[in-house]
Amino acid sequence: MKFDLHDVPERVSTGTLPAPDLVDEFVEEAHQRNHSLDGGAVADYIPALADADPNLFGVSVVDVSGDAHDAGDTDHAFSIQSISKAFVYALVCEELGHDATYERVGVNNTGMPFNSVVAIELNEGHPMNPMVNAGALTTTSLAPGTGDEQWRWIWKGLSAFAGRHLVLDDDVYRSERAGNQRNQAIARLLESYGRIEKDPLEVVDVYTKQCSLLVTARDLAVMGATLADGGVNPITKERVVAPHVCRDTLAVLAANGLYERSGEWLFEVGIPGKSGVSGGIVTVAPGKAGIGVFSPPLDDAGNSVRGKQATAFLSRALGLNVFASDAFAEASMTATAEAADDDDASGEEIDERAHDLSDQEA
């Protein structure tokens, strides 16, 4: 689907968060409401993740001014896993541009598990979006250079998003590398279709490393806030990517960020997000803030159970749902003014009309 709009400036309308003390209150409430929530299971198909403490739970909101609002275990480090896909995609979009990245990777939801091979075959070898493994491997392959050069470029870019030097968890990397045969098979299949033009096993290795970088819930919130702030990290004030790259990345996350539950997430929560099997979720309210949550127990699609609930609460409490709207306030003022001009209406009648209108809007 192509639109010839290159000569049309893009105007932006977002809004602001509530007052900082109110954000603090809601973040604390999101944590308190869900810290004892049962359900889900820690990912055990990656041995290094199986030992995660299921009681860990952190909630962080970082706004576009750089203020952080934290509750719980927001400083606990865990591997970023699939959340890295979103930010590597943004870096590649910055490097190659909108059209080239769109052509190579795609943006449509597969409706299938993140590591599906069937989706590749059904679409003649074309990855459908960068948030499933086939698309993510293709995206990683598009990073400049080969092997170690690609890895250093990705590492530097993800660290710029986080605003600090991220560290590789060598235990997680080795654990995943020992069991990534399915990703190797996906990469080989993509190579056979001409979608990966570099050494597919090197690409898988770089991808495994990017997933093994350590982050915290606050790091995720900063990374999300960078996308919310048009590509400028609100802590370091460094421009990481261009505003149009943020727009493209958030559009892909809205459609694909929560695996095969992405439609449900958008319907119920209404903010672009990305989850990872270590228990993290990052969500982005454009122009307002990033949210980072962490809790290891996952649902059967690989999304943090407590993290989902906490984010859904914050979406409502902080007014972040991008589809939410309210009646235009001027309608109330107009109705009141018309009533005041009515010579036959008494002051009491005017007050009653305005009160009735206010009740209807509420």
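In this report, we go over the structure that sits alongside the text.

Rules behind the numbers
Residues numbered from 1 in each chain as written. Predicted model: local features only at pLDDT ≥ 70, side-chain atom pairs only at ≥ 80, totals over all residues. Heavy atoms only, no water. Helix = DSSP H or I, 4+ residues; strand = E, 2+ residues; numbered from the N terminus. Buried < 20%, exposed > 50% of the residue type's maximum accessible area, 1.4 Å probe, protein only. Areas by Shrake-Rupley, 256 points an atom, 1.4 Å probe, with all protein chains shown as cover. Core = buried A, V, L, I, M, F, W, Y, C linked by side-chain atoms within 4.5 Å. Contact = heavy atoms within 4.5 Å. Pairing = 2+ DSSP bridges. Phe/Tyr/Trp six-rings, centres within 6.5 Å; stacked < 30°, edge-to-face > 60°. Axes fitted to C-alpha atoms, helices over the stretch in contact; angles between N-to-C directions. Patch = residues over 30% accessible without salt bridge, like charges linked within 9 Å, V, L, I, M, F, W, Y side chains within 5 Å. Salt bridge = Lys/Arg side-chain N within 4 Å of Asp/Glu carboxyl O. Lys, Arg positive; Asp, Glu negative; His and termini not counted. Charge placed at Lys NZ, Arg CZ, Asp CG, Glu CD. Expected span 1.5 Å × (residues − 1).

1. With respect to the overall build of the chain
Here's step 1: Looking only at helices and strands, the chain has 15 helices and eight strands in total.
Here's step 2: Counting only residues that meet the buried cut, the chain has 50% of its 362 residues in that class.
Here's step 3: For the chain, the exposed area adds up to about 16700 Å²; of that, 50% sits on carbon and sulfur atoms.

2. Describing unusual backbone geometry
Here's step 1: Although it is not a glycine, glutamine 81 adopts a positive phi angle of roughly 55°.
Here's step 2: With respect to the secondary-structure elements, glutamine 81 resides in the loop between strand E3 (78-79) and helix H2 (83-96).
Here's step 3: For glutamine 81, a relative accessible area of 3% gives the class buried.
Here's step 4: Of note in the backbone geometry, lysine 237 takes a positive phi value of approximately 65° without being a glycine.

3. Observations regarding the nonpolar core
Here's step 1: Of all hydrophobic cores here, the largest spans 42 residues; its most connected members are Phe87, Leu158, Phe161, Leu220, Met223 and Val241.
Here's step 2: Those residues in contact with methionine 223 that lie beyond four places of it in its chain are Ile80, Phe87, Leu158, Phe161, Ala162 and Val215.
Here's step 3: Core analysis: the second largest hydrophobic core is formed by 23 residues, Phe26, Val59, Ile281 and Ile291 among them.

4. Points about the pairing of strand E7 (residues 280-285)
For a regular strand, side-chain orientation follows a simple rule: the groups alternate between the two sheet faces.
Here's step 1: Burial within E7 is extensive, with six of its six residues counted as buried.
Here's step 2: The side-chain alternation of E7 yields two buried faces, one formed by Gly280, Val282 and Val284 and the other by Ile281, Thr283 and Ala285.
Here's step 3: Strand direction decides the pairing type here: strand E6 (residues 273-275) and E7, joined by three bridges, are antiparallel. Note that in E7 the partner of glycine 273 across the bridge is threonine 283.
Here's step 4: Pairing of E7 with strand E8 (residues 289-294), which is carried by six bridges, proceeds in the antiparallel orientation. Its bridge partner lying in E8, alanine 285 is registered against alanine 289.

5. Points about the pairing of strand E1 (residues 58-63)
Here's step 1: Counting buried positions along E1 yields six of six residues, so the element is predominantly enclosed.
Here's step 2: As paired strands, E1 and strand E2 (residues 68-72) are joined by five bridges and run antiparallel to one another. Residue pairing in the sheet places valine 62 in a bridge with alanine 68 of E2.
Here's step 3: The turn linking E1 back onto E2 is made up of four residues, and glycine 66 within it adopts a positive phi angle of 100°.
Here's step 4: Summarising the sheet, E1 and E8 pair through six bridges and their orientation is antiparallel. Counted as the bridge partner of serine 60 is glycine 292 from E8.

6. What about the sheet that holds E3?
Here's step 1: Pairing within the open sheet is antiparallel, and its three strands lie in the order E3-E5-E4. With partners counted over all chains shown, the strands left at the sheet margins are E3 and strand E4 (167-168), one partner each.

7. Overview of the packing of aromatic side chains
Aromatic ring pairs: the centre-centre distance and the angle between the two ring planes describe each pair.
Here's step 1: Evaluated as defined, the whole model comprises four aromatic pairs.
Here's step 2: Relative to phenylalanine 294, the ring of phenylalanine 78 lies with its centre 4.0 Å away and its plane at 5°, an arrangement referred to as stacked. Linking phenylalanine 78 in strand E3 with phenylalanine 294 in strand E8, this pair joins segments that are 216 residues apart in sequence. Of the two residues, phenylalanine 78 and phenylalanine 294, neither departs from the other in class, the shared state being buried.

8. A short note on the sheet that holds E1
The pairing of strands in a sheet happens through backbone hydrogen bonds and is either parallel or antiparallel.
Here's step 1: The antiparallel open sheet is built from five strands, whose spatial order is E2-E1-E8-E7-E6. Two strands bound the open sheet, and with one partner strand each, they are E2 and E6. Mean inter-strand twist for the sheet, computed between neighbouring axes without regard to direction, equals 10°.
Here's step 2: Packed on one face of the sheet, helix H1 (residues 20-34) meets E1 and E2 and runs near 25° to E2.

9. So, a negative patch on the surface
Here's step 1: A surface patch of negative charge is lined by Asp21, Asp24, Glu25, Glu28 and Asp67.
Here's step 2: With respect to the helices and strands, glutamate 28 occurs in helix H1.
Here's step 3: Residue classification places glutamate 28 among the partly exposed positions, given a relative accessible area of 36%.

10. Quick word on H2
Here's step 1: A rise of 1.5 Å per residue sets the reference length of H2, with its 14 residues, at 20 Å; its end C-alpha atoms lie 21 Å apart and thus fit the reference within 8%.
Here's step 2: Counting buried positions along H2 gives 11 out of 14 residues, so the element sits mostly inside the fold.
Here's step 3: Those residues of H2 not exposed but buried are Ile83, Ser84, Lys85, Ala86, Phe87, Val88, Tyr89, Ala90, Leu91, Val92 and Cys93.
Here's step 4: Glycine 97 sits one or two residues past H2 and shows a positive phi near 100°.

11. What to know about the pattern of salt bridges
Here's step 1: A complete count under the given rule lists 10 salt bridges for this structure.
Here's step 2: Between arginine 261 and aspartate 300 there is a salt bridge whose closest N-O contact spans 2.5 Å. One end of the pair, arginine 261, is in the loop between helix H11 (243-256) and helix H12 (262-268); the other, aspartate 300, is in the loop between E8 and helix H13 (305-317), with 39 residues separating them in the sequence.
Here's step 3: On the accessibility criterion, arginine 261 (24% relative accessible area) is partly exposed.
Here's step 4: If you follow the salt bridges from partner to partner, you end up with Arg261, Asp299, Asp300 and Lys308 in one network.

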